[in-house]
Amino acid sequence: MANSKVKTFIGTGRRKRSVARVTMVPGKGTITVNGRDVREYFPYETLVMDLKQPLEVTGNLESFDITVNVCGGGFSGQTGAIRLGITRALLQYDEGNTAEDSYRKILKNSGFVTRDARIKERKKPGLKKARRAPQFSKR
């Protein structure tokens, strides 16, 4: 019952087929994805750097402990979903701040607030994929 007053910030991020539920609490800067360390979960360092960008831009790299529950999609989509979730949790943390140095202004200028709406196009009848037609045979 000692930590009952710890403020929690929650953000949901989506990208392609991935959905990430991000929980942020004040801490030392550890990031856990599906119960594993972020460097253990993601195979490439560039993906880890990509999801940490909102924290770097706002200067909160070692201010919060982040727990992520992510499902669906591949590593790239999951990274984008986590990044948006972290951004939304940071905006919740900085709610009400309208100054020039507000997180919303910083994150918006960096392009992290906007959800990337690109998803896989549906398959059409008579085609092999969304746009790929069967090979034409003259004879």
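Above this text sits the structure in question.
Residues numbered from 1 in each chain as written. Predicted model: local features only at pLDDT ≥ 70, side-chain atom pairs only at ≥ 80, totals over all residues. Heavy atoms only, no water.

**Digging into the sheet that holds strand E4 (residues 36-37)**
Stated precisely, the cut-off is as follows: For two strands to count as paired, DSSP must find a minimum of two bridges between them. Only DSSP runs of H or I with at least four residues qualify as helices, and only runs of E with at least two residues qualify as strands; both kinds are numbered from the N terminus onward. Contact between two residues is taken to exist if any of their heavy atoms lie within 4.5 Å; hydrogens are not considered. Here the axes come from fitting lines to C-alpha atoms, over the contacting stretch only for helices, and the angles between their N-to-C directions go from 0 to 180 degrees.
Reading across from one edge, E1-E2-E5-E3-E4 is the order of the 5 strands in this open sheet, with mixed pairing throughout. Each end of this open sheet is capped by a strand with a single partner; those strands are strand E1 (9-15) and E4. Relative to strand E5 (residues 64-71), strand E3 (residues 31-33) runs parallel, the two being bridged by 3 bridges. Across the sheet, Val 33 pairs through a bridge with Val 68, a residue of E5. Across the sheet, helix H3 (residues 75-93) touches E1, strand E2 (18-26), E3 and E5, and the angle it forms with E1 is around 150°.

**A short note on the pairing of E5**
It is a general feature of regular strands that their side chains alternate between the two faces of the sheet. Let me state the cut-off plainly: With a 1.4 Å probe rolled over the protein chains alone, any residue whose accessible area is under 20% of its type maximum counts as buried; one over 50% counts as exposed, and the rest are partly exposed.
Residues Phe 64, Ile 66, Val 68 and Val 70 of E5 are buried on one face, while the alternating residues Asp 65, Thr 67, Asn 69 and Cys 71, pointing to the opposite face, are not. Across 8 bridges, E2 lies against E5 in antiparallel orientation. When the sheet's bridge partners are listed, Thr 23 is paired in E5 with Thr 67.

**Brief notes about the layout of surface pockets**
Keep this limit in mind: The way it works is a 1 Å grid over only the protein atoms, where trapped points that fit a 1.4 Å probe form a cavity and open points with protein on both sides within 12 Å along at least five of seven lines form a pocket, and then any residue with an atom within 4 Å of a point lines it. Grid points are joined across faces, edges and corners, and a volume is the space filled by probe spheres set on the points. Residues are grouped as follows: Ala, Val, Leu, Ile, Met, Phe, Trp, Tyr, Cys and Pro are nonpolar; Asp, Glu, Lys and Arg are charged; every other residue, Gly included, is polar.
In this structure, the largest pocket spans a volume of roughly 200 Å³. Arg 15, Asp 50, Gly 80, Arg 83 and Asp 116 are the residues nearest the centre of the largest pocket, which is lined by 14 residues in total. For the lining of the largest pocket, the elements supplying multiple residues, two or more each, are E1, helix H2 (45-58) and H3. It is H3 that contributes the most residues to the lining of the largest pocket, 5 residues altogether. Tallied by class, the residues present in the lining of the largest pocket amount to 3 nonpolar, 5 polar and 6 charged.

**So, the nonpolar core**
For clarity, the threshold we go by: In these notes, a set of buried Ala, Val, Leu, Ile, Met, Phe, Trp, Tyr and Cys residues joined through side-chain atoms within 4.5 Å is what counts as a nonpolar core.
Residues Val 33, Phe 42, Ile 66, Val 68, Ile 82, Ile 86 and Leu 90 are the most contacted members of the largest nonpolar core, which totals 27 residues. In contact with Ile 66, other than residues within four places in its own chain, are Val 22, Thr 23, Met 24, Thr 30, Ile 31, Thr 32, Leu 55 and Ile 86.

**Details of the packing of aromatic side chains**
The following threshold applies: Two rings from Phe, Tyr or Trp (for Trp, the six-membered ring) form a pair when their centres are within 6.5 Å of each other. A pair whose planes differ by under 30 degrees is stacked, one over 60 is edge-to-face, and the rest are tilted.
Evaluated as defined, the whole model comprises 7 aromatic pairs. Aromatic pair Phe 9 and Tyr 93: ring centres 5.2 Å apart, planes at 85°, arrangement edge-to-face. You can see Phe 9 sitting in strand E1 and its partner Tyr 93 sitting in helix H3, a full 84 residues away along the chain. Residue class for Phe 9 comes out buried when judged on its relative accessible area of 7%. Tyr 93 sits in the partly exposed class, given a relative accessible area of 38%. In textbook terms, an aromatic cluster arises when at least three aromatic residues are bridged by ring pairs, as seen for Phe 9, Phe 64, Tyr 93 and Tyr 103.

**Focus: the pairing of E2**
Relative to E2, E1 runs antiparallel, the two sharing 7 bridges. Looking at the pairing, Thr 12 lines up with Arg 21 of E2. Between E1 and E2, which pair antiparallel in sequence order, lie 2 residues; one of them, Lys 16, sits at a positive phi of approximately 55°.

**Some details on the pattern of salt bridges**
Put simply, the rule reads: Salt bridge criterion: a side-chain nitrogen from Lys or Arg within 4 Å of a carboxyl oxygen from Asp or Glu.
What the rule picks out here adds up to 7 salt bridges. Notably, a salt bridge pairs Glu 121 with Lys 124, separated by 2.5 Å at the nearest N-O pair. A single salt-bridge network, built from bridges that share partners, covers Arg 15, Asp 116 and Arg 118.

**Overview of unusual backbone geometry**
With a phi angle near 55°, Lys 16 is a residue other than glycine that sits in the positive phi range. Checked against the element boundaries, Lys 16 lands in the loop between E1 and E2. By relative accessible area, which is 47% here, Lys 16 ends up partly exposed. Its identity is not glycine, yet Asn 34 carries a phi of approximately 50°, on the positive side. Looking at where Asn 34 falls in the secondary structure, it is placed in the loop between E3 and E4. What makes Asn 34 partly exposed here is its relative accessible area of 33%.

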